[in-house]
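# Analysis of the macromolecular model
Next come the chains, spelled out residue by residue.
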Amino acid sequence: MAVNLIEDTVPVTVLTGYLGAGKTTLLNRILTHEHGKKVAVIVNEFGEVGIDNQLIINADEEIFEMNNGCICCTVRGDLIRIISSLMRRRDKFDHLVIETTGLADPAPVIQTFFMDEAVKSQSFLDAVVTVVDAKHIWQHWEAEEAQEQIAFADVILLNKIDLVDVENVNELEQRIRSMNAMAKIYRTRNAEISMDDLLGVKAFDLQRALEIDPDFLGEDAHQHDETVGSVAIVEPGAVDGQLLNEWLGFLLQTQGADIFRMKGIVNVQGEEHRHVFQGVHMLFDGMSDRRWRKDEVRKNELVFIGRNLDEAQLKGEFRKCLV
Amino acid sequence: MFGLKSNVRQTWKKTWQHQLTEYVTQVVWSLDGEILVACSAAGEIVVQAGDNLALPPVYLAGAGAPIDQLAFSADGQFLASGDQAGQVRVWKRQGQQFVLLMTHDRSGCWIEQLRWHPTEPLLAFNVKHTVEVLEVTTKSLVAKLDFENSSVLCIEWHPTNGMLMAGGYQSIKVWDSYDWQAKPIVISIASASLKIACSPDGKYLASGNLDRSITILEWQDANPHPWMLSGFPGKISHLVWSSVLANTTDPLLASASVEGIVVWERNTVFGWKEQILDNHAQAVEAIAFQPQRRQFASAGSDGAVNIWHDAKTLACTLTDASEAFSCLNWHPWQQSLAAGGSQGEIFVWSQVSNSRGFGKF
């Protein structure tokens, strides 16, 4: 009778992107593609999914803030209500896709999956997928929402590349990479992407290795035109576990509102296991991972994505945690 | 000699079972106990003669949109359902039969909350961010009340004074059914009110909140500060009051949050004294006090229905569901309990009188 929670939890893909970027095209692709998955979809009011399906649910975004004003306690009230109800029919679907409105901040959606124990016990975030209109993104570049959608993403589709020349796409990709050093970037037209690269990504799975784009690490100086950017730290050696904990705690307390996402693998002194962690604003999740392999160089890798991040400060403070 | 444990231990026997095709969302007894109805996430509504379980069940509805709520009117003459296709259906009871009286269409909306007025044929239900009120004998919509802040998450009528309450983001709003046009009273809630429950004597209003707290207000309150109960492991998922019991001044309040249940009893010195009922291994899906008694039952995702003697001590655990239990309800006056499961099963159990010990009924 004890329900197997691992088998019973449903992966969730969050689909973001500006109006007209190609979210609906991608959604229709997911719904019609023969990938062997039964997909339920929660769409926002403006979405026009062209498929008639009883498991396409229209939702109005309802942002619920807690009284304490803490940014990480902001969740989507509509999702809490709808997902709990949808999970009663979980044998009817095995993947859930949530489409957000073009102007949505992805944080409340993500936080709902960390904050609400009912949602958390029945589903897990697979990935945040952001569709970027390669031609028109330049017009919205200054918009906070556009930057946040890129910064929060695990998978980014540079869509409509057929409408711009290659140099333009290269420049765009570089710019996006400087903002988000963790996301996988795919160039697409008509949102054509392999479903394997889209569903079942497990980007929020702590046991999955942190992947920092080597090109990002290879660059000596990163150009930060945007206020939103990534900071990657790769350091050999071992850290003092207590110092690191204290630093991360202080950092999230003081700068959590500006840190959108972070991930890390660290080598804690005296430990045979890797320590892995991730964060979304002030929400933090960490665990002891697999053992370091004998032939493996023990090192620390951390990535921060956020607004107004000070690379020198973060690196300096982290180095103080080294033994 | 019998210890306390054997004194409270009870034996329950399964007396009826039926299979729906999907998750059972509700089981409800009519007030006279003659009829048991249940609905499912596959849109089925099944009616069983409660006084003769040998009779075959009758389907009021077959496959359709998931049905979230079923409710009998106060006089037992009407049965209403609300579903995810946006339909509110009302049947009139004629003996053991039901005749469809009306269908109120709000397609595109999920009707998840249905509450009958405690004496009148008035049915209140949620339609997005509004509460609509139907007078079912005239089939007319008598009120459309805008909650404004968010979707309406819970609805409750006051048992005596005609007030209608709705809870949602940051507040509970209270409308007067004698003057629907009047501005509602607004009770502030720090996060969102997910469940509201009025005590049957009309004295208290309790709100189960998203921020893992319960707010209790006294209706005619000289003290403007509500009680705040906090420290729960998660949001408040269920909240129910007991009947007003003999030899007590106030009814008991039970709350569920994740796998924990707390029964609260008013204590003039300390406010509300808690009794923790700790036996579920996974989320609690339903709780209910037996009418007119302190006996209490809970159903969980762990596949257990627990019966708690005196709302304190575990008296019996029923494990007939193949996976999780999803809902339950007590027979209005017999020692009988109905529950539904996540795999579509419906059960009725009855207590077998104990041959040993002294049961405390």
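Residues numbered from 1 in each chain as written. Chains lettered and ligands numbered in written order. Predicted model: local features only at pLDDT ≥ 70, side-chain atom pairs only at ≥ 80, totals over all residues. Heavy atoms only, no water.

## Some words on the domain arrangement of chain A
Residue and element names in this part refer to chain A. Along its sequence, chain A is carved into domain 1 (5-197) and domain 2 (221-319). The distance between the C-alpha centroids of domain 1 and domain 2 comes to 25 Å. Listed per partner, the contact involves 23 residues of domain 1 and 20 residues of domain 2. Summing both sides of the interface, domain 1 and domain 2 together bury roughly 1900 Å²; the carbon and sulfur share of this comes to 68%. The interface formed by domain 1 and domain 2 holds three salt bridges in total. A salt bridge links Asp154 to Arg261; the nearest nitrogen and oxygen atoms lie 2.9 Å apart. Scanning the region where domain 1 abuts domain 2 turns up seven residue pairs in polar contact (both at pLDDT 80 or more). Elements with a minimum of two residues in the side of domain 1 that touches domain 2: α4 (107-115), α7 (144-151) and α8 (166-179). It is α4 that provides the largest number of residues to the side of domain 1 that touches domain 2, a total of five residues. When grouped by side-chain class, the residues that make up the side of domain 1 that touches domain 2 number 15 nonpolar, four polar and four charged. (Domains from an automatic or database assignment. Contact = heavy atoms within 4.5 Å. Buried area = accessible area lost by both parts, 1.4 Å probe. Salt bridge = Lys/Arg side-chain N within 4 Å of Asp/Glu carboxyl O. Polar contact = N/O pair within 3.5 Å; in protein donor to acceptor, adjacent residues only side chain to side chain. Helix = DSSP H or I, 4+ residues; strand = E, 2+ residues; numbered from the N terminus. Nonpolar A, V, L, I, M, F, W, Y, C, P; charged D, E, K, R; others polar.)

## Comments concerning the packing of aromatic side chains
As enumerated under the stated definition, the model contains 21 aromatic pairs over all chains in all. Considering the side-chain rings of Phe64(A) and Tyr169(B), the 4.7 Å spacing of their centres and the 5° angle between planes classify their relative orientation as stacked. Here Tyr169(B) lies in strand β15 (residues 163-176) and Phe64(A) lies in strand β4 (residues 63-64), a pairing that spans two chains. Residue class for Phe64(A) comes out buried when judged on its relative accessible area of 3%. Exposure remark for Tyr169(B): the relative accessible area of 11% places this residue in the buried category. With 5.6 Å between their ring centres and 25° between their planes, Trp138(A) and Trp141(A) make a pair best called stacked. By way of ring pairs, the aromatic residues Tyr204(B), Trp227(B), Trp241(B) and Trp272(B) are connected into one cluster. Seen from the ring of Trp292(A), Arg274(A) lies directly overhead, with NZ or CZ sitting 6.0 Å from the centre. (Phe/Tyr/Trp six-rings, centres within 6.5 Å; stacked < 30°, edge-to-face > 60°. Buried < 20%, exposed > 50% of the residue type's maximum accessible area, 1.4 Å probe, protein only. Lys NZ or Arg CZ within 6 Å of the ring centre and 35° of its normal.)

## Let's talk about the pairing of strand β28 (residues 325-330) of chain B
For a regular strand, side chains alternate in direction, first toward one face of the sheet and then toward the other. Residues and elements named next belong to chain B. Here β28 lies mainly inside the structure; five of its six residues are buried. With five bridges joining them, β28 and strand β29 (residues 336-341) adopt antiparallel strand pairing. Of the residues in β29, the one forming a bridge with Phe325 is Gly341. In textbook terms, the turn of a hairpin is the stretch between consecutive antiparallel strands, and for β28 and β29 this stretch comprises five residues. (Pairing = 2+ DSSP bridges.)

## Brief notes about the interface of chain B and chain A
Each partner contributes to the interface: chain B provides 33 residues, whereas chain A provides 25 residues. Summed over both sides, the interface of chain B with chain A buries roughly 2300 Å², with 54% coming from carbon and sulfur. Viewed at the interface, chain A and chain B are joined by six salt bridges. In this structure, Glu112(B) engages Arg81(A) in a salt bridge whose closest nitrogen and oxygen atoms are separated by 2.9 Å. In this structure, the connection of chain B to chain A is made through 11 residue pairs in polar contact (both at pLDDT 80 or more). At the level of secondary structure, the elements contributing two or more residues to the side of chain B that touches chain A comprise β15 and β16 (185-198) of chain B.

## Some details on the nonpolar core
Residues and elements named next belong to chain A. Grouped together as the largest cluster of nonpolar side chains are 84 residues, with contacts concentrated most on Leu26 and Leu96. Ranked by the residues each element gives to this core, the list is headed by strand β7 (residues 123-133), at six residues. Structurally, this core is a two-domain feature, drawing no fewer than three residues from each of domain 1 (5-197) and domain 2 (221-319). Filtering out sequence-adjacent residues up to four positions away, Leu26 remains in contact with Leu15, Val129, Val131, Leu157, Ala191, Ile193 and Leu198. Counting residues in each nonpolar core, the second largest holds 19 residues, with Leu248, Ile259, Phe277 and Leu302 among its members. (Core = buried A, V, L, I, M, F, W, Y, C linked by side-chain atoms within 4.5 Å.)

## Some thoughts on the side chain of Gln149(A)
All names here are of chain A. By the secondary structure assignment, Gln149 is in helix α7. In this structure Gln149 comes out as buried when scored by relative accessible area, which is 2%. Of the polar contacts made by the side chain of Gln149, one reaches the backbone nitrogen of Tyr18; its length is 3.5 Å. At 2.8 Å, the side chain of Gln149 and the backbone oxygen of Gly102 are in polar contact. Ignoring anything within four residues of it in the chain, the contact list for Gln149 reads Thr16, Gly17, Tyr18, Thr101, Gly102, Leu103, Ala104, Pro106 and Thr130.

## Topic: the sheet that holds strand β26 (residues 305-309) of chain B
Residues and elements named next belong to chain B. Read across the open sheet, the four strands follow the order β24-β25-β26-β27; overall the sheet is antiparallel. The strands lining the two open edges of the sheet, one partner per strand, are β24 (284-289) and β27 (313-318). Each strand axis lies, on average, 20° off the axis of its neighbour in the sheet, ignoring direction. (Axes fitted to C-alpha atoms, helices over the stretch in contact; angles between N-to-C directions.)

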